[in-house]
Amino acid sequence: MIKVILKDETTVEVPRGSTPSDVLQEAGIPADEGMVIAEVNGEAVDLDRPLEGDCHLEFLDFNTARGREAYRHTASHVMAQAVKRLYPDAKLAIGPSIENGFYYDFSMEHVLTPEDLPAIAEEMARIVAEDLPLTREEISREEALSLFEESGEGYKVELLEDIEGDTVTVYQQGGFVDLCRGPHLLSTGRLEALRLLSLAGAYWRGDEKREMLQRIYGTAFDSSEELDEYLRMREEAEKRDHRRLGPELDLFSFHDEIGPGLVVYNPNGAILRTVIEDFLKMEHARRGYQLVMSPHIMRKEVWETSGHLQMQYPMYFFEIDGQGYGIKPMNCPAHIYIYKSRTRGHNELPLRLFELGTVYRHERSGVLHGLLRVRGFTQDDAHIFCTMEQAEKEIDDAIRFAFEVQRGFGFTEFLVALSTRPENYVGDIEEWERATELLRKALEGQSLEYVVDEGEGVFYGPKIDVKLKDALGRYWQGPTIQFDFNLPRRFEMTYAGADNREHTPVMIHRTVLGSLERYMGILIEQYSGAFPLWLAPVQVEILPIADRHVPFADDIRERMESSGIRVKVNRESERTGNKIRKAWQMKVPYMVIVGDKEVESGKISVRSLAGRDERDVEVDRFVADLSREIDSKHSLEV
RNA sequence: GCCGGUGUAGCUCAGUUUGGUAGAGCGGCUCACUCGUAAUGAGCAGGUCCGGGGUUCGAAUCCCCGCGCCGGCUCCA
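Presented here is an overview of the structure given in this document. (Residues numbered from 1 in each chain as written. Chains lettered and ligands numbered in written order. Predicted model: local features only at pLDDT ≥ 70, side-chain atom pairs only at ≥ 80, totals over all residues. Heavy atoms only, no water.)

## Quick notes on the nonpolar core
So, point 1. Core analysis: the biggest nonpolar cluster contains 85 residues, and Ile276, Phe409, Phe483, Val540, Met560, Ile604 and Phe622 have the highest contact counts within it.
So, point 2. With eight residues, the top contributor of residues to this core is helix α11 (residues 388–408).
So, point 3. Taken domain by domain, the makeup of this core includes at least three residues from each of domain 3 (248–294 + 331–526) and domain 4 (540–634).
So, point 4. Ile37, Val83, Ile120 and Ile127 belong to the second-largest nonpolar core, a separate cluster that totals 38 residues. (Core = buried A, V, L, I, M, F, W, Y, C linked by side-chain atoms within 4.5 Å. Buried < 20%, exposed > 50% of the residue type's maximum accessible area, 1.4 Å probe, protein only. Helix = DSSP H or I, 4+ residues; strand = E, 2+ residues; numbered from the N terminus. Domains from an automatic or database assignment.)

Following this line, the structure appears as structure tokens:
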């Protein structure tokens, strides 16, 4: 007999070689409580894996990350089996579970189209109905090699070559065999709700020099309700899509004639951006940043010095009077030249230069995506030049600043990542370690949880990335703070130290929003276009009931305008209901309705976007309320 | 850039399979109505059917080449 300690600390005794399923029974837990896999001493295993000795045992259902992973991974095996049944020549590549679903990559003669998906889904349903058991087998590498070589699974052979160790595991269900670490569900019949979502091309091993495979995306849940809920969520996301809302709300537009990835700001978008810019300028000024500006084009030599040219950074180049110029893809060189515009002493450091700098990058056509990925965008870019000793505080402040601003825009949940030295790097290891340590210290000093992305730093220094969680639970890239050892040397930057000798300053790149375009895209989706009052392009729309009420409406409008409220009057000869509907469609936060009663009393009726209705409101009181609401979203604790 | 899909009025889409000279709703404009909290009615205008070549007596429709957009890969603010 062996002792099995469960999660609730109870101990169950079972014969050696019993399986987690046996333990489930022994412990009186109904086997079909939706348990997916088990963890034995922290190792994820199948529910029918024999227990070899005393152990800690935990059961994982679909609501755990690892359980969900195994569940969806099983679904991907079922999909692969279905594809093999329908297209016997299909070669298997990889088929992992991913956030919200799974995929499998294939190589085959037949080119899949969306019309093929129903047949594959049907075949999958058949496999589920057949309730095929999934069995795990440990075999030697050699055995596996010959197995997959014989069946012509070249990709599996290649994977095997990279696996260390003498034995590997394969999983099999109904004659379908796959190289797989597992664990899996006990049988295909345990899959409840499956859905194929889309097709895509994907390079083998993500390498664009290698062959393009056909990928099928799908998802799986352990109840059809949850699947439906997920599909509803996708629909909701589609409704919030900034690419749909942007033109609808007259925020921005794209034009084939102007070019892909080049944003045009329509009036409402320009207002929104101006509000954001003014806010940023103020917040930077309050924190000792100095606003600077620099040209959009700079001579080619600048980009040689910075290294962009040699790195073949995706820039645009052209000639003027026989001189080569490049359109700036980054603002740093200009800020460095501002630094270098005179000699610097240690007393004037840290020097914090801030620019709303518009940059252009030649993004490959396939990656463009609304406002989130464009070819021309404006960064809220700052460079802090300081001594290594000052860096710690600067980083600390920059992180604090970034979070304060993000909270001001209504984001409260974040994912923080610290990226360390990549394989290709400049500078010496000691420097890297020191800088990485500073970043780590700052994060820990502020009790921020973070993950370490080993080797994900930029070649010139380690960095901190912050992702924002939006109202739909999606994450977006936000602030980034990057150390740079490279540019200060390349541009031969110096300052006179207290020792009256020349030193090289440290440079920190940082942005709070990243790109204004992308951030606006994120904001649109976060609020589905219904911005908080301080950001709303039109804050109040006045709706006269009949044409004769227009003069009174204009009167109110002027009073509000003089208080800085962004207000419009709807002068159309329309029914009030329709005017409300139109203002609502444009997501105007407040509607003011004026008719005979209002003209007579001088008071107004106020209707909020949410439908709240208040009568007999004094105009001054309303304006004061608005101002308070605007300020409340606006003010940040510093 | 690569793989797949897609492109008809400002927007959403029908017409493409089986080639025979383009349609709806919303939106816009005009007129009438002057109205109290999510669509008043009538009329009018609006289309190089993404672009260029080809096949054909004839192309939105078939073929070829581009371009844009969408879903991914890769990359990144």
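Still to come is the rest of the account.
## Structural notes on the protein's contact with RNA strand B
So, point 1. Every one of the 52 residues lining RNA strand B counts as a neighbour, but Tyr203, Arg373, Arg518, Arg575 and Trp584 are closest to it.
So, point 2. Across the atoms of RNA strand B situated within 4 Å of the protein, the share located in sugar and phosphate is 46%.
So, point 3. Between RNA strand B and histidine 369 there is a distance of 3.5 Å, counted from a phosphate oxygen to a side-chain nitrogen or oxygen.
So, point 4. With respect to RNA strand B, the side chain of serine 573 contributes an N or O atom lying 3.4 Å from a base oxygen.
So, point 5. Contributing elements (two or more residues each) for the surface near RNA strand B: β12 (193–203), β13 (212–221), β21 (376–386), β28 (506–515), α16 (576–585), α17 (596–601), β32 (604–608) and β33 (613–617).
So, point 6. By residue class, the composition of the surface near RNA strand B is 16 nonpolar, 16 polar and 20 charged. (Near = heavy atom within 4 Å. Polar contact = N/O pair within 3.5 Å; in protein donor to acceptor, adjacent residues only side chain to side chain. Nonpolar A, V, L, I, M, F, W, Y, C, P; charged D, E, K, R; others polar.)

## Digging into the sheet that holds strand β10 (residues 167–173)
So, point 1. Spatially, three strands are ordered β9-β10-β11 in an open sheet, and the strand pairing comes out antiparallel. In the strand order of this sheet, the two ends are held by β9 (135–140) and β11 (176–179), each with one partner. Pairs of neighbouring strands in the sheet enclose a mean axial angle of 30°, with direction left out of account.
So, point 2. Sheet topology note: the β9/β10 ladder contains six bridges and is antiparallel. Looking at the pairing, glutamate 138 lines up with threonine 169 of β10.
So, point 3. Its contacts with the sheet place helix α2 (residues 65–86) against β10 and β11, and it is angled at close to 130° to β11.
So, point 4. The sheet strands contacting helix α4 (residues 141–150) are β9, β10 and β11, and the helix crosses β9 at an angle near 110°. (Pairing = 2+ DSSP bridges. Axes fitted to C-alpha atoms, helices over the stretch in contact; angles between N-to-C directions. Contact = heavy atoms within 4.5 Å.)

## Quick notes on the packing of aromatic side chains
So, point 1. Tallying each qualifying case throughout the model produces 22 aromatic pairs.
So, point 2. Pairing phenylalanine 279 with phenylalanine 409 gives two aromatic rings, centres 5.4 Å apart and planes at 90°, and the pair type is edge-to-face. Separated by 130 residues along the polypeptide, phenylalanine 279 in helix α8 (residues 267–286) and phenylalanine 409 in the loop between α11 and β22 (414–419) bring together distant segments of the chain. Phenylalanine 409 carries the same exposure label as phenylalanine 279, and that label is buried.
So, point 3. Pairing phenylalanine 318 with tyrosine 325 gives two aromatic rings, centres 6.3 Å apart and planes at 25°, and the pair type is stacked.
So, point 4. Judged by relative accessible area, phenylalanine 318 falls into the partly exposed class, the value being 32%.
So, point 5. Accessibility expressed as a relative area gives 18% for tyrosine 325, which makes it buried. (Phe/Tyr/Trp six-rings, centres within 6.5 Å; stacked < 30°, edge-to-face > 60°.)

## Focus: the packing of α11 against helix α12 (residues 429–445)
The geometry of a pair of packed helices is captured by two quantities: the angle between their axes and the separation between those axes.
So, point 1. α12 packs onto α11 with a crossing angle of 40° between their chain directions and a minimal axis gap of 9 Å. Considered as vectors, α11 and α12 are oriented oblique to each other. Crossing geometry of α11 relative to α12 is assigned as right-handed. Within the contact between the two elements, α11 uses Met388, Glu389, Ala391, Glu392, Ile395, Asp396 and Ile399 and α12 uses Arg434, Ala435, Leu438, Leu439, Lys441, Ala442 and Leu443.
So, point 2. Among the residues making up the contact of α11 with α12, the classes are represented as nine nonpolar, no polar and five charged. (Parallel < 35°, antiparallel > 145°, perpendicular 65-115°, else oblique. Left-handed = near helix turned anticlockwise from the far one by under 90°.)

## Points about unusual backbone geometry
So, point 1. Cis geometry marks the peptide bond from glycine 182 to proline 183, where omega comes out at -5°.
So, point 2. For proline 183, the position within the fold is in the loop between β11 and β12.
So, point 3. In the segment running from leucine 349 into proline 350, the intervening peptide bond is cis, with an omega of 0°.
So, point 4. Phi at aspartate 131 is positive, roughly 50°, even though this residue is not glycine.
So, point 5. Take aspartate 131: it is sitting in the loop between α3 (117–130) and β9.
So, point 6. Note on aspartate 131: relative accessible area 39%, which makes it partly exposed.

## Regarding the pattern of salt bridges
Side chains that differ in sign of charge can pair as their charged atoms come close.
So, point 1. According to the stated counting rule, one finds 51 salt bridges in the structure shown.
So, point 2. Between aspartate 105 and arginine 215 there is a salt bridge, and its shortest N-O distance comes to 2.7 Å. Taken together, the residues aspartate 105 in strand β8 (residues 101–107) and arginine 215 in strand β13 connect sequence positions 110 residues apart.
So, point 3. A residue is classified by how much of its surface remains accessible, and aspartate 105, at 2% relative accessible area, is buried. (Salt bridge = Lys/Arg side-chain N within 4 Å of Asp/Glu carboxyl O.)

## A look at the sheet that holds strand β1 (residues 2–6)
Whether parallel or antiparallel, the strands of a sheet pair through hydrogen bonds between backbone atoms.
So, point 1. Spatially, β2-β1-β5-β3-β4 is the arrangement adopted by the five strands of the open sheet, whose pairing is mixed. Strands with a single pairing partner mark the edges of an open sheet, and in this sheet they are β2 (11–14) and β4 (43–45). Shown here is a sheet whose adjacent strand axes are inclined to one another by a mean of 35°, direction ignored.
So, point 2. Sheet analysis places β1 next to β2, joined by four bridges and oriented antiparallel. Residue pairing across strands places isoleucine 5 opposite threonine 11, the latter belonging to β2.
So, point 3. α2 contacts β3 (35–40), β4 and β5 (55–61) of the sheet and is inclined by roughly 120° relative to β3.

## Describing the environment of leucine 185
So, point 1. Turning to its location among the elements, leucine 185 is positioned in the loop between β11 and β12.
So, point 2. As a C-alpha pair, leucine 185 and tyrosine 71 span 114 residues in sequence and 6.3 Å in three-dimensional space.

## Looking at the pairing of strand β25 (residues 475–484)
So, point 1. Within β25, eight of the ten residues are buried, which leaves it mostly tucked inside the rest of the structure.
So, point 2. Sheet analysis places strand β24 (residues 463–469) next to β25, joined by six bridges and oriented antiparallel. Within β25, the residue paired with lysine 467 across the bridge is glutamine 477.
So, point 3. As consecutive antiparallel partners, β24 and β25 are separated by five residues, and within that stretch glycine 473 has a phi angle of approximately 80°, a positive value.
So, point 4. Relative to β28, β25 is paired through five bridges, and the arrangement is antiparallel. Its bridge partner being in β28, aspartate 484 is matched across the sheet by methionine 507.

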